[in-house]
Amino acid sequence: QVQLVESGGGLVQAGDSLRLSCAASALSIYAMGWFRQQPGKEREFVAATSRNGGATSYAASVKGRFTISRDNAKNTLYLSMNSLELEDTAVYFCALKLASGPDYYYTKSSSYDYWGQGTQVTVSS
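Since the structure is predicted, the reported quantities are computational estimates derived from the model, not experimental observations.

Caption draft 1: Representation of unusual backbone geometry in the model. With a phi angle near 55°, Asn75 is a residue other than glycine that sits in the positive phi range. With respect to the secondary-structure elements, Asn75 resides in the loop between β7 (66–71) and β8 (76–81). Of the residues examined, Asn75 reaches a relative accessible area of 23% and is grouped as partly exposed. A positive phi is found at Ser83, a non-glycine position, where the angle reads about 50°. Under the relative-accessibility criterion, Ser83 is labelled partly exposed at 41%.

Caption draft 2: Quick peek at the side chain of Lys97. Take Lys97: it is sitting in strand β9 (residues 90–97). The side chain of Lys97 sits in the buried core without any salt bridge; Asp113 is the nearest counter-charge, 4.8 Å away. Side-chain polar atoms of Lys97 contact the backbone oxygen of Ala99, separated by 3.4 Å. In this structure, Lys97 is in contact with Tyr30, Ala31, Tyr106, Ser111, Tyr112 and Asp113, ignoring residues within four places of it in sequence.

Caption draft 3: Expanded view of the pairing of β7. The alternating pattern of β7 places Phe66, Ile68 and Arg70 on a buried face, while none of Thr67, Ser69 and Asp71, on the opposite face, is buried. Across six bridges, the pairing between β7 and β8 is antiparallel. When the sheet's bridge partners are listed, Arg70 is paired in β8 with Leu77. The turn linking β7 back onto β8 is made up of four residues, and Asn75 within it adopts a positive phi angle of 55°.

Caption draft 4: Up close: the sheet that holds strand β3 (residues 18–24). Pairing in this open sheet of four strands is antiparallel, and the strands run β1-β3-β8-β7 from one edge to the other. A single partner strand is all that each edge strand has here, and the edge strands are β1 (4–7) and β7. When the angles between neighbouring strand axes are averaged without regard to direction, this sheet yields 15°. Taken together, the four bridges between β1 and β3 define a ladder with antiparallel strand orientation. Bridging across to β3, Glu6 finds its partner in Cys22.

Caption draft 5: The arrangement of the packing of aromatic side chains in detail. Scanning all chains against the criterion turns up four aromatic pairs. Judged by centre distance (5.8 Å) and plane angle (70°), the rings of Phe35 and Phe45 are edge-to-face. Highlighted residues: Phe35 in strand β4 (residues 31–37) and Phe45 in strand β5 (residues 44–49), separated in sequence by 10 residues. For Phe45, a relative accessible area of 17% puts it in the buried group. Sitting over the face of the ring of Tyr106, Lys97 holds its NZ or CZ atom 4.9 Å from the ring centroid.

What counts as what
- Residues numbered from 1 in each chain as written.
- Predicted model: local features only at pLDDT ≥ 70, side-chain atom pairs only at ≥ 80, totals over all residues.
- Heavy atoms only, no water.
- Helix = DSSP H or I, 4+ residues; strand = E, 2+ residues; numbered from the N terminus.
- Buried < 20%, exposed > 50% of the residue type's maximum accessible area, 1.4 Å probe, protein only.
- Lys, Arg positive; Asp, Glu negative; His and termini not counted.
- Salt bridge = Lys/Arg side-chain N within 4 Å of Asp/Glu carboxyl O.
- Polar contact = N/O pair within 3.5 Å; in protein donor to acceptor, adjacent residues only side chain to side chain.
- Contact = heavy atoms within 4.5 Å.
- Pairing = 2+ DSSP bridges.
- Axes fitted to C-alpha atoms, helices over the stretch in contact; angles between N-to-C directions.
- Phe/Tyr/Trp six-rings, centres within 6.5 Å; stacked < 30°, edge-to-face > 60°.
- Lys NZ or Arg CZ within 6 Å of the ring centre and 35° of its normal.

This is how it looks when you write it as structure tokens:
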């Protein structure tokens, strides 16, 4: 059983930065992703990384502002968020996919096997 625990969310102002973390019981051999969900909306893709970190993908809405990274030695996934906008307000979830090729990332939520409980990010004006 894999456990994922997100942290780092909070209340910030537009233009500020935050870094989310996702601690996993085992990380190094899995593809990982970040998703977010706003009230009344479906969960949406934010960013993904291959299990070796060599390949990444971003949603168009966050590209150039967010960076996904991983420290496999620490079993931790990160999402660095810069220039935050009001529209970034959401609950952010990390996700893990059990079986994947070394250079593959996954952008669909249905591809993932385990999810964290989420961390709230609120951006105010």
